[in-house]
Amino acid sequence: MRHIDDAERRARLGRRHGLARPFPDVLAAARGLTALHATEAATVHLALWARVPGVSVADVEAALYDDRTLVKQLAMRRTLFAFPVEALPAVWGSAAARVAQQQRAQLTKDLARAGLADDPAAWLDTTGEAVLEAMADGRPRTAAELREEVPALAGRITRGTPGRKWAAELPIGPNVLTALGAAGRIVRGVNAGHWRLNKPSWQRTEDWLGAPPAPAGQAEGYATLVRGWLRAFGPGTEDDLVWWLGATKTIVRAALADVGAVAVDLGGDATGWVLPDDLEPVASPPPWVALLPTLDPTVMGWKGRDFYLDPSDRPYLFDPNGNAGNTAWSDGRIVGAWAQDDDGRVRLLLRRDPGAEARRALEAQAGRLTAWLDGVRIVNVYASPQMKGLTLR
């Protein structure tokens, strides 16, 4: 069995994620990484800034809203991603369909608990059709605008146990739109707010994309996603894929078989997987550094992160659920974080000494990012403890 050590895994990461060898354009970057995380709107732009030389906010907005070569879609782990448009049939038939089913099941329970419908399933069908009918003129609408046109969206539900810390009363409308989006019936169109914020307008899928292709079958869809993940992130373990896909071991094992994945030894009794044409050694690239944003696709690509992260740094750079804040990298390892100060300047928060040359390169990157942001302050929902430390000082 071929052995791939941590050094080679870091070499693959640097070369294939546009960090040691940049991507030529926005679409090539999205394709190379399979998808870009979009839960925080600014992550799409900042992840591309780190990988595409000279990219501008306008370039990213054009791909998302003019050319529509990138499309935001709820998929793996109920996470929002920006996918290359050609990937959507595979996503709709697999990870997104799984999320849509989960969303519908949750909404059915919510509606029954709130007493909003005697037949929650029928209510969801009727309300969904009413939303699609309201959107039939092709005009984009925000959730607030749709609530005015479809009164059923104005109801409220409760999540969590009433009286407990995490209990919350929520409007039903955004949850219905999220479920319709997961099912591929509507899409997030032009952002109604600043690029750093998620304030989507919604349109029917056929109005945004033209006649959309049919979803792939489940097995084909998962095989396509797993093939893309292995190309970008391999080698990785079965557990990595289960986590990344938000799927089951049964689904992952079937997809690995469908793509002809080959087992490799990662050391310490760990077995990884690569595509059958990806067994040749990968040499380390020239030295490189990077400043990656919160929930960056590289940072979020694996469940097992010890090959690029010192375990003692995890509590400072990740939340308890494994969500990453901003990170600073040197030659395939996370060496700390970055954050903006009150004046909008990007400041390094290093936890590891990367050496004098790498530190200078990171400082230069911080200066370039400060200039690129040009005073825009990024507000992160998933700010790590290390990032919050700068704010608190």
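Above: the structure in question.
A brief look at the structure comes next. (Residues numbered from 1 in each chain as written. Predicted model: local features only at pLDDT ≥ 70, side-chain atom pairs only at ≥ 80, totals over all residues. Heavy atoms only, no water.)

Quick look at the environment of D341
Under the convention used in this document: Runs of E in the DSSP output that reach at least two residues are strands. Runs of H or I that reach at least four are helices, and both are numbered from the N terminus. Note on exposure labels: buried denotes an accessible area under 20% of the residue type's maximum, exposed denotes more than 50%, and partly exposed covers the range between, all computed with a 1.4 Å probe on protein chains only. Contacts are residue-level and defined by heavy atoms, with any inter-residue pair within 4.5 Å sufficient. Definition of a polar contact: a pair of N or O atoms within 3.5 Å, with one able to donate and the other able to accept a hydrogen when the atoms are protein atoms, and with sequence-neighbouring residues admitted only if both atoms are side-chain atoms.
Among the secondary structure elements, D341 is positioned in the loop between β12 (333–340) and β13 (346–350). Residue D341 is classed as buried on the basis of its relative accessible area, which comes to 11%. Between the alpha carbons of D341 and L390 there is a distance of 6.9 Å; along the sequence they are 49 residues apart. When residues no more than four places from it in sequence are discounted, the contact partners of D341 are R347, R377 and L390. Within polar-contact distance, the side chain of D341 engages the backbone nitrogen of D343 at 2.9 Å. Side-chain polar atoms of D341 contact the side chain of R347, separated by 3.2 Å.

What about the packing of helix α11 (residues 218–233) against helix α13 (residues 249–258)?
Cut-off, in case you're wondering: Fitting a line to C-alpha atoms yields each axis, with helices limited to the stretch in contact; the angle taken between N-to-C directions then spans 0 to 180 degrees. Here is the rule for angles: anything less than 35 degrees is roughly parallel, anything more than 145 is roughly antiparallel, 65 through 115 is roughly perpendicular, and the remaining ranges are oblique. For this classification, Asp, Glu, Lys and Arg are treated as charged, while Ala, Val, Leu, Ile, Met, Phe, Trp, Tyr, Cys and Pro are nonpolar and the rest, including Gly, are polar.
Closest axis-to-axis distance for the α11/α13 pair is 8 Å, and the angle between their directions is 75°. Accordingly, the angle class assigned to the pair α11 and α13 is roughly perpendicular. Along the contact surface, α11 presents Q218, A219, Y222, A223, V226 and L230, while α13 presents I251, A255, L256 and D258. When grouped by side-chain class, the residues that make up the contact of α11 with α13 number eight nonpolar, one polar and one charged.

What to know about the side chain of N175
Locating N175 in the fold gives a position in helix α9 (residues 172–182). For N175, a relative accessible area of 9% puts it in the buried group. When neighbours within four sequence positions are excluded, N175 is seen to be in contact with Q103, L107, I157 and R159.

As for the sheet that holds β12
By definition, the strands of a sheet pair up through backbone hydrogen bonds, in either a parallel or an antiparallel sense. Keep this limit in mind: Here a strand pair is declared whenever DSSP counts at least two bridges between the two strands.
Spatial strand order, β10-β11-β12-β13: four strands in an open sheet with antiparallel pairing. At either end of the open sheet lies a strand with only one pairing partner, and these are β10 (289–292) and β13. Within this sheet the neighbouring strands show an average axis-to-axis angle of 30°, counted without direction. Inspection of the sheet shows strand β11 (residues 327–330) paired to β12 by three bridges, in the antiparallel sense. Looking at β12, one finds that W329 is bridged to I334.

Some words on the environment of G128
With respect to the helices, strands and loops of the structure, G128 is situated in helix α7 (residues 120–134). Of the residues examined, G128 reaches a relative accessible area of 2% and is grouped as buried. Taking the C-alpha atoms as reference, G128 lies 9.3 Å from R185; in sequence the two are 57 residues apart.

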